[in-house]
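Secondary and tertiary structure notes
Residues per chain are reported as follows:
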Amino acid sequence: MNHAAEPDFEFDHPTNTVVALRRSIANRLVYMVGKDVQSATQRDWLFAIFHAARDRVMDRWRETRRATHAQDLKRVYYLSMEFLPGRMLGNALMAVGIYDETRAACAQLGADFDQLLDLEADPGLGNGGLGRLAACFLDSMATLGLPNMGYGIRFDYGMFSQRILKGQQVEEPDGWLEAGNPWEIMRPEFSYSVCFGGRLDPDNGGVHWIEAEEVIAVAYDYAVPGYELGSVSTLRLWSARASHAINLDAFNKGDYIRAMEAKNASENVSRVLYPDDSTEHGRELRLRQEYFFVSASLQDLLRRFLRDHGSLDQLPDKVAIHINDTHPALAVPELMRLLIDVHRLTWDKAWSLCTRIFSYTNHTLMQEALETWSVDLFGRVLPRHLRIIFDLNAHFLAELHARFPNDNDLLRRISLIDENGPRRIRMAYLSVLASHRVNGVSALHSRLMVSTIFADFAQVFPERFCNKTNGITPRRWLAQANPPLSELIDARIGTTWRRNLDELGALRDLATEPEFNNAFQLAKAQNKRRLAERIARETGVVLNPESLFDVQVKRMHEYKRQLLNLLHVITRYHQILANPHANWMPRSVIFAGKAASAYYMAKQVIRLINDVAHVVNADPRIGEKLKVVFVPNYRVSLAEIIIPAADLSQQISTAGTEASGTGNMKFALNGALTIGTWDGANIEIAEQVGLDNMFVFGLRTEEVAAVRAAGYRPRQHYESNYDLKLAIDRIADGAFSPAEPHRYHDLVNALLDSDHYLLLADYADYVAAQDKVDALYRRPIEWARQAILNVAGMGVFSSDRTIREYAEDIWNVKPINS
Ligand code: 26V
């Protein structure tokens, strides 16, 4: 029934005054939550405010959908296994422009607004940079008014929450939905059947998929409000429900409990996020998750398209599908299946549509992180898709053979099926083959991409490959996370930098103006006090807010070299002990990050950081000259507190390994100086802010390759560098683990025998760069000047710039005309 057509269907559009907000919150508390001022818990208040805020997004949400439909605009569908949107309430209130008004309304109602904001669960539906990038992109697409929808999985349990027990990481489940979620809207009318297993029917040419198990995907929608409600996008997450067909059989036989077990098993598909940012080979549930959300998303977008358009010919004019890393690459065979088996298109027609619709972003060059699936497993779970991939490969290799008749090795190398050993499907190759554009995420990464993992494809399809340097949303990462600095900037250059970040360039002229320079230092000091209080509360470690805050926060990975940072910490400790009365610049070294639960080396590094922190922080000879702390459970909401408080940003991956990094951008935007290698987007940051305003050190990509080619011997560095040898010897002899002296035996041996990421080769230059950091920090005005120049140079790293480039060069989509 279409209520909107009925003459008496009237409703009140909410207004945004403090009085109106106060009434809305009270109404929502009474009529939605079912409480009143006397009985309301903190959570009740939070929900009431949430609903009042959502009411103010609804009109624009409906209007966005109506206008996209009425203008028949091309849409982007952003397929991603991971989204890390962060808390939604503060962001929504700022997008609507009622943050201060809502705080005032709460004060009048006697509710503590700031405390309530901190109560919201932080949706951890991702591992790290890749998921957070997807969230920044949705924010930018909404702000720019680009018609789009994000598709992903509504995991019941997101990224594990991390506790530190006796110095070690302990993982605990993150039941972020357990207390209910006031922002999501269940849309059971959008439910789709997704099938697994079964077999192909030989009687029907072997292409009919029969006897499969069925799971139902149910849509849950999240409004993504753009800044000043530019438009409101939708993030649609799929949750698995058992199909009734499964249960009925057992139920009818009287076995209710068995029926319920089957129900649970099939709903497991959306139960939990894989907490590995590496690919887990051969994990069937992961394959099912990928197919589950891709199939539901494609059925949903085809339904929407066919509702509005007669013929599938127009599909590429109205639909762009983006594959965020290879996790959604099953979209390729799934779209082929839907077009051929369901919509009865010919193979050639279907393939020609696919290659105009798909685009793909590669996010890592690490061999071990490139997704492949065993042909055996794949064939058991998705027999029809395996057949499609084989047929695709046959077509592709036949064409190639015609183009390069004498190069049989090329065919072997480039095949979608890796035949070295038990056969595996190469998902990255499948993604490249189907996409009209393939991009890397920084200039260096994109260059390396076409010279290494996709070198053969770059020969065959040179026009497909391009670069789209990552970006971050200034709304969350400056306006929301850093009120003191935002207010300062607003007062001097106005407020429109939030949607045009290049305006920060105007701060260059203020860098040496004493009043601004000083106010900038005060803003940083305020953020440092806020962080110090938080760290004291959570860990008991008391930091001096006047010390240099030296920060490395990111996933724990050997290639990110948290251990190199720690080697410098140990060296500094020894140097202070050797020379206690020298004029040391006090430093607080802050770490945070999760290790994949099965990643032994990464977990050892966490433990060593905590052991070193324990020894250093308790040493009375050190006092405030050096403090070390590991802050547990790094996540978006913690990043929003840590990043604005940093003086120094550590971006120290081995050159050629960090595809881009986005934390590096967040720190610089918040006025930290970077100590970093010539890697990922660090290089482009240096180009924008100037090499003089950054501490660059270490081997470059080509030098890393040369050192390895010449037969790298880490022991040479160990033996010839006194400080380095001392640091490693102390780890090895149990100085930081006296109860268990050999605790770090494996770590030390890995360093001395192989040191795959060249920590020892970069150590001396890193320590020298750290000495320059101290020297500059002794000159606070000069330090602040350089930090301001960093902020001023960050315009290009707005995700708005990134998304405009995707829209023009990849998706060919235009904004809503409003
Ligand atoms: C996984 C693994 C697993 C095995 C060991 C090495 C390794 C390295 C990276 C990964 C992550 C794969 C995908 C990913 O999250 N990439 C990240 O994407 C960000 C957004 O583009 C980018 O800023 C990060 O540099 C990149 O690591």
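These notes cover the structure that comes with them. Bear in mind that the values here come from a model prediction, so they are computed numbers and not experimental data. (Residues numbered from 1 in each chain as written. Predicted model: local features only at pLDDT ≥ 70, side-chain atom pairs only at ≥ 80, totals over all residues. Heavy atoms only, no water.)

Taken as a whole, the second largest pocket encloses approximately 1300 Å³ of empty space. Lining the second largest pocket we find 45 residues, and of these Met-94, Tyr-99, Leu-117, Gln-480 and Pro-483 sit closest to its centre. Those elements giving two or more residues to the lining of the second largest pocket turn out to be α3 (89-96), α4 (99-109), α5 (113-117), α6 (129-144), α19 (474-480), α20 (483-493), α21 (514-539) and α24 (636-642). Ranked by residue count, the leading element in the lining of the second largest pocket is α21, at seven residues. Of the residues assigned to the lining of the second largest pocket, the class counts are 14 nonpolar, 11 polar and 20 charged. (1 Å grid on protein atoms, 1.4 Å probe; cavity = no way out; pocket = protein on both sides within 12 Å on 5 of 7 lines; lining within 4 Å. Points joined across faces, edges and corners; volume = space filled by probe spheres on them. Helix = DSSP H or I, 4+ residues; strand = E, 2+ residues; numbered from the N terminus. Nonpolar A, V, L, I, M, F, W, Y, C, P; charged D, E, K, R; others polar.)

Time to look at empty space enclosed by the protein. In total, this model carries four cavities of 30 Å³ or more according to the counting rule given. There is about 200 Å³ of room inside the largest cavity. Taken together, 17 residues line the largest cavity, and the ones lying closest to its centre are Pro-85, Asn-91, Ala-135, Val-224 and Arg-476. For the lining of the largest cavity, the secondary structure elements donating two or more residues are α3, α6 and β8 (213-225). At four residues, α6 tops the list of elements feeding residues into the lining of the largest cavity. For the lining of the largest cavity, a count of residues per class yields 11 nonpolar, two polar and four charged. By volume, the second largest cavity is sized at about 60 Å³.

Side chains bearing opposite charge may pair, as long as their charged atoms lie close to each other. This model, assessed by the stated rule, comprises 53 salt bridges. Where Glu-228 meets Arg-499, a salt bridge forms, and the shortest distance between an N and an O atom there is 3.3 Å. Placement of the pair is Glu-228 in the loop between β8 and β9 (232-242) and Arg-499 in the loop between α20 and α21, with a sequence separation of 271 residues. Across the pair Asp-456 and Arg-413 runs a salt bridge whose closest N-O atoms are separated by 2.8 Å. Pair noted here: Asp-456 is in helix α18 (residues 455-460) and Arg-413 is in helix α15 (residues 408-414), with a separation of 43 residues, a long-range link. Given the relative accessible area of 31%, Arg-413 is considered partly exposed. Put simply, Arg-187, Asp-221, Arg-236, Asp-300, Arg-303 and Arg-304 are held in one network by salt bridges that share partners. (Salt bridge = Lys/Arg side-chain N within 4 Å of Asp/Glu carboxyl O. Buried < 20%, exposed > 50% of the residue type's maximum accessible area, 1.4 Å probe, protein only.)

Turning next to the sheet that holds β9. Whenever strands of a sheet pair, they do so through backbone hydrogen bonds, lying parallel or antiparallel. Spatially, β5-β8-β9-β2-β1-β10-β11-β15-β16 is the arrangement adopted by the nine strands of the open sheet, whose pairing is mixed. Each end of this open sheet is capped by a strand with a single partner; those strands are β5 (185-196) and β16 (465-467). Between one strand and the next, the sheet's axes are offset by a mean angle of 25°, whatever the strand orientation. Of the strand pairs in this sheet, strand β2 (residues 148-153) and β9 are connected by five bridges, and their pairing is parallel. (Pairing = 2+ DSSP bridges. Axes fitted to C-alpha atoms, helices over the stretch in contact; angles between N-to-C directions.)

Okay, the packing of helix α29 (residues 722-732) against helix α30 (residues 745-753) next. Two numbers describe how α29 lies on α30: the axes approach to 9 Å, and their chain directions differ by 150°. In terms of crossing hand, the pair formed by α29 and α30 is left-handed. In this structure, α29 contributes Ile-728, Ile-731 and Ala-732 to the contact, and α30 contributes Val-748, Leu-751 and Leu-752. Within the contact of α29 with α30, the residues separate by chemical class into six nonpolar, no polar and no charged. (Left-handed = near helix turned anticlockwise from the far one by under 90°. Contact = heavy atoms within 4.5 Å.)

This part takes up the sheet that holds strand β17 (residues 548-553). Pairing in this open sheet of six strands is parallel, and the strands run β19-β18-β17-β20-β21-β22 from one edge to the other. Single-partner strands in this sheet number two, and they are β19 (626-630) and β22 (695-696). Both β17 and strand β20 (residues 648-651) contribute to a ladder of two bridges, which runs parallel. Paired with Asp-550 across the bridge in β20 is Leu-648. Against the sheet, helix α32 (residues 780-792) contacts β17, β20, β21 (673-676) and β22, and its axis sits at roughly 85° relative to β21.

Taken as a whole and assessed by the stated rule, the structure comprises 22 aromatic pairs. A ring pair is formed by Tyr-777 and Trp-783, whose centres lie 4.9 Å apart and whose planes are at 90°; its orientation type is edge-to-face. Taking the relative accessible area as the measure of exposure, Tyr-777 reaches 13% and is therefore buried. By relative accessible area, which is 5% here, Trp-783 ends up buried. In this structure an aromatic cluster arises from ring pairing among Tyr-360, Phe-396, Tyr-429, Phe-454, Phe-457, Phe-461 and Phe-465. The cationic tip of Arg-43 hangs over the ring face of Phe-47; the distance from NZ or CZ to the ring centre is 4.1 Å. Lying across the ring of Trp-678, Arg-700 places its NZ or CZ 4.3 Å from the centre. (Phe/Tyr/Trp six-rings, centres within 6.5 Å; stacked < 30°, edge-to-face > 60°. Lys NZ or Arg CZ within 6 Å of the ring centre and 35° of its normal.)

Looking now at α30. For α30, the complete set of buried residues consists of Leu-747, Val-748, Leu-751 and Leu-752. Projected down its long axis, α30 shows its buried positions confined to an angular sector of 120°, all on one face. Against the buried residues of α30 lie α22 (562-578), α23 (600-618), α28 (714-720), α29 and α31 (759-777). Two residues or fewer past α30, Asp-755 is found with a positive phi of approximately 45°. (Arc of directions from axis to C-beta.)

On the surface, Tyr-256, Ile-257 and Met-260 cluster together into a nonpolar patch covering about 300 Å² of accessible area. Here Tyr-256 lies in helix α8 (residues 256-267). Residue classification places Tyr-256 among the partly exposed positions, given a relative accessible area of 44%. (Patch = residues over 30% accessible without salt bridge, like charges linked within 9 Å, V, L, I, M, F, W, Y side chains within 5 Å. Areas by Shrake-Rupley, 256 points an atom, 1.4 Å probe, with all protein chains shown as cover.)

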